[in-house]
Amino acid sequence: MSLSITASPSAVTMRTGDKEPLPHSNIAVRCGGAFSGDRGNMERCGSDTDDTPLLPRRNEDKVQRAPACCSSRYGLALLSSFGFFVVYSLRVNLSVAMVDMLNTTRQSSTNHSGSVCPAHANPPRPKRNHTAGVYDWDSATQGWILGSFFYGYILTQIPGGYLAGRYGPKWLMGFGILGTVVFTLLTPAAADLGAGYLIAVRVLEGIGEGVTFPSMYTMWAAWAPPLERSRLLTISYIGAQLGTVISLPLSGEICFYLDWTYVFYVFGAVGLVWFVLWSFLVFDSPNTHPRISEQERLYITGSLKNELSTSAGHIPWRAIATSTPLWAIVVAHFSYNWTFYTLLTLLPTYMNDVLGFSIQQNGLLSALPYVGCAVLAVVSGQLADYLRETCLYRTVTVRKSFSLAGMIGPAVFLVAAGYTGCNYTLAVTFLTVSSALGGISASGFNINHLDIAPSYAGILLGITNTFATIPGMVGPVIARALTRQNTMEEWQSVFYIAAAINAFGAAFYALFGRGSVQPWAVHAASHGD
């Protein structure tokens, strides 16, 4: 157990992981072992039973807050948001392009005669958009192509977290996305060679993208002041939603006016622009940033001084693997992603095959659910930090409440969407509300890694994202296997499965989630405490 004793004329303060300073204590103890004392009482380090918020207010207030406007930390949030915009643009553009890549001439001369619902009016398409090749892929092959990305993505989650902590997150994330960009540009050539080559290219794209989230979590462990975490991380990760929102309709327009190959060329070029900006403007930590103001550097490092930085030399793997709060995040992340990836990869197919929307309408309508998700993600980040900092709500209460709202709500509306029949307005509305409510979880389990173990946030994210990638691998395959005839009843089964998994994950996290730094995440004195 390590001791940190602080004296002042009026009081001596006490730190217990995430506890408020206690002004009447006679000795201040920072918990590096199992227990800390106050007025003769013994309290577990990392307990969530206190009604005080996660962080010690009074001591942090001694560090002068740096303005958010034009700051380096918010600049990092914006540029990382651009990065995740690129990541998700490259991930989802195939979902729209797939509709145009398939050979449908054998079915009928009309665009949507095969849809369950009556087709919508579709203006004549420019002749030049028929120059790209089309392919005779059955439903099973389509499922494997759409899910293949995640077979590469899952491989680099945990290694990404470890390598980011060991060698720094900047270049790992930069080159990871650059690799994805290169293989995206090769996608049309791979498709012409055959489905197997396209699957291989998508796997390689996934390997590159797999390091992005663990890298960014590692970077935020050094850049995000504790009471700004929800704000900064939701700004950063809203790029993923914006990438979906913009790339889906834009991909539809590109397919309509040009052809599907340009979908990959356009977004690949955007990715190259991001890489140049990232290379010159981003740095691993405030201490290595040459242009950060001294006030902001002191504010960030001062607010994080009691949350120990990442130690590449000592990682408590056994404690991490047996941590119940971590497994609560794993289950919640897996469950949420089942619904998220089901809609992400198959919503354009549902819009086309069931609701009968054209390729031009498809992209725009498929993007609507993610508009609401992006908005609620940002709003929830602001609200979560307000509740913790101003209203003094416990972190664990905020995380669980936002997770329940962001998982149960989407499950209810997803099931309801399956029973709207051919009521296009109601179907799109329910799907939009379902995905929008999912944005609330951005301030729930999604950033809980930084609450329970900021020193190992990148590794923890790699672990949870490894499990959370499995739905992306098997979800599209299972869904396409269940919807061979594209009937309403088949799609209802897909929605029921996703909703049930979502509800289970929410309940599990509500029971076992925690909001405080865990004892195993605090270094012992021999490891630099």
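See above for the structure.
Predicted model only: the values in this text are computed from it and were never measured. (Residues numbered from 1 in each chain as written. Predicted model: local features only at pLDDT ≥ 70, side-chain atom pairs only at ≥ 80, totals over all residues. Heavy atoms only, no water.)

Of regular secondary structure, the protein possesses 19 helices and two strands. Each of the 529 residues in the protein was classed as buried or not, and the buried ones make up 60%. Partitioning the intrachain contacts of the protein with sequence separation of at least 6 by distance along the chain shows that 83% fall at a separation of at least 24. Element-wise, carbon and sulfur atoms account for 65% of the exposed surface of the protein, whose accessible area totals about 20,100 Å². (Helix = DSSP H or I, 4+ residues; strand = E, 2+ residues; numbered from the N terminus. Buried < 20%, exposed > 50% of the residue type's maximum accessible area, 1.4 Å probe, protein only. Contact = heavy atoms within 4.5 Å. Areas by Shrake-Rupley, 256 points an atom, 1.4 Å probe, with all protein chains shown as cover.)

Moving on, we come to unusual backbone geometry. Unlike most non-glycine residues, Cys-70 shows phi in positive territory, near 60 degrees. Looking at where Cys-70 falls in the secondary structure, it is placed in the loop between helix H1 (57-61) and helix H2 (72-101). On the basis of relative accessible area, Cys-70 is assigned to the exposed category, the value being 80%. Not every positive phi belongs to a glycine, and Leu-392 is a case in point at roughly 60 degrees. Mapped onto the fold, Leu-392 is located in the loop between helix H14 (359-389) and helix H15 (395-417). Leu-392 sits in the partly exposed class, given a relative accessible area of 41%.

On to the nonpolar core, then. In terms of nonpolar packing, the biggest core is built from 116 residues, with Trp-137 and Trp-220 touching the most fellow members. A total of 16 residues in this core trace back to one element, the largest contributor, which is H2. In this structure, Trp-220 is in contact with Arg-73, Leu-76, Ala-77, Ser-80, Leu-232, Leu-233, Ser-236 and Tyr-237, ignoring residues within four places of it in sequence. Membership of the second largest hydrophobic core comes to five residues, among which are Ala-384, Leu-387, Val-398 and Phe-402. (Core = buried A, V, L, I, M, F, W, Y, C linked by side-chain atoms within 4.5 Å.)

In total, this model carries 34 aromatic pairs according to the counting rule given. Considering the side-chain rings of Phe-84 and Tyr-237, the 4.9 Å spacing of their centres and the 65 degrees angle between planes classify their relative orientation as edge-to-face. With Phe-84 in helix H2 and Tyr-237 in helix H9 (residues 229-257), the pair connects residues that are 153 residues apart, well separated along the chain. Across the pair, Tyr-237 and Phe-84 agree in class, each one buried. Positioned above the aromatic ring of Phe-283 is the side chain of Lys-170, whose terminal nitrogen or guanidinium carbon lies 4.9 Å from the ring centre. (Phe/Tyr/Trp six-rings, centres within 6.5 Å; stacked < 30°, edge-to-face > 60°. Lys NZ or Arg CZ within 6 Å of the ring centre and 35° of its normal.)

By the element assignment, Gln-142 lies in helix H3 (residues 139-153). Using a relative accessible area of 9% as the deciding quantity, one classes Gln-142 as buried. Polar contacts involving the side chain of Gln-142 include one to the main-chain carbonyl oxygen of Trp-137, which spans 3.1 Å. Contact partners of Gln-142, with chain neighbours within four places excluded, come to Met-98, Leu-102, Trp-137 and Arg-480. (Polar contact = N/O pair within 3.5 Å; in protein donor to acceptor, adjacent residues only side chain to side chain.)

Across its 26 residues, helix H18 (residues 457-482) extends 37 Å between first and last C-alpha, which sits within 8% of the 38 Å expected from 1.5 Å per residue. Remark: the principal bend of H18, roughly 35 degrees, maps to Val-474, with a proline, Pro-476, within the next four residues. With 19 of its 26 residues buried, H18 lies for the most part within the structure. (Expected span 1.5 Å × (residues − 1). Bend = angle between axes of the 7 residues up to and from the residue.)

Quick look at the packing of H2 against helix H8 (residues 212-223) now. Between H2 and H8, the shortest axis-to-axis distance is 12 Å and the interhelical angle comes to 175 degrees. Considering their axes alone, H2 and H8 lie roughly antiparallel with respect to each other. Between H2 and H8, the residues in contact are Ser-72, Arg-73, Leu-76, Ala-77, Ser-80, Phe-84, Val-87, Tyr-88 and Arg-91 and Thr-212, Phe-213, Met-216, Met-219, Trp-220 and Trp-223, respectively. For the contact of H2 with H8, the residue count by class is ten nonpolar, three polar and two charged. (Axes fitted to C-alpha atoms, helices over the stretch in contact; angles between N-to-C directions. Parallel < 35°, antiparallel > 145°, perpendicular 65-115°, else oblique. Nonpolar A, V, L, I, M, F, W, Y, C, P; charged D, E, K, R; others polar.)

In total, this model carries eight cavities of 30 Å³ or more according to the counting rule given. Estimates place the volume of the largest cavity at around 400 Å³. As for the largest cavity, its lining consists of 25 residues, of which Tyr-88, Phe-213, Tyr-237, Gln-241 and Asn-446 are closest to the centre. Every element with two or more residues in the lining of the largest cavity is listed here: H8, H9, helix H13 (324-353), H14 and H18. At six residues, H9 tops the list of elements feeding residues into the lining of the largest cavity. Looking at side-chain class alone, the lining of the largest cavity contains 16 nonpolar, nine polar and no charged residues. (1 Å grid on protein atoms, 1.4 Å probe; cavity = no way out; pocket = protein on both sides within 12 Å on 5 of 7 lines; lining within 4 Å. Points joined across faces, edges and corners; volume = space filled by probe spheres on them.)

Inspection of the secondary structure assignment puts Leu-248 in helix H9. Linking Leu-248 and Val-263, residues 15 residues apart in sequence, is a C-alpha distance of 10.0 Å.

All told, the structure shown has ten salt bridges when counted by the stated rule. We note a salt bridge from Arg-229 to Asp-451, for which the minimum N-O separation is 3.9 Å. Residue Arg-229 is located in helix H9, and its partner Asp-451 is located in helix H17 (residues 448-452); the two are separated by 222 residues in the primary sequence. The exposure class of Asp-451 is buried, given its relative accessible area of 0%. Each member of the salt-bridge network shares a partner with another, and the members are Arg-231, Asp-385, Arg-388 and Glu-389. (Salt bridge = Lys/Arg side-chain N within 4 Å of Asp/Glu carboxyl O.)

Moving on to a nonpolar patch on the surface. Judged by side-chain polarity, Leu-185, Tyr-257, Leu-258, Tyr-262, Tyr-265, Val-266 and Leu-272 come together as a nonpolar surface patch covering roughly 550 Å² of accessible area. For the nonpolar patch, the element with the most residues is helix H10 (residues 261-281), which contributes four residues. Positionally, Leu-272 belongs in helix H10. (Patch = residues over 30% accessible without salt bridge, like charges linked within 9 Å, V, L, I, M, F, W, Y side chains within 5 Å.)

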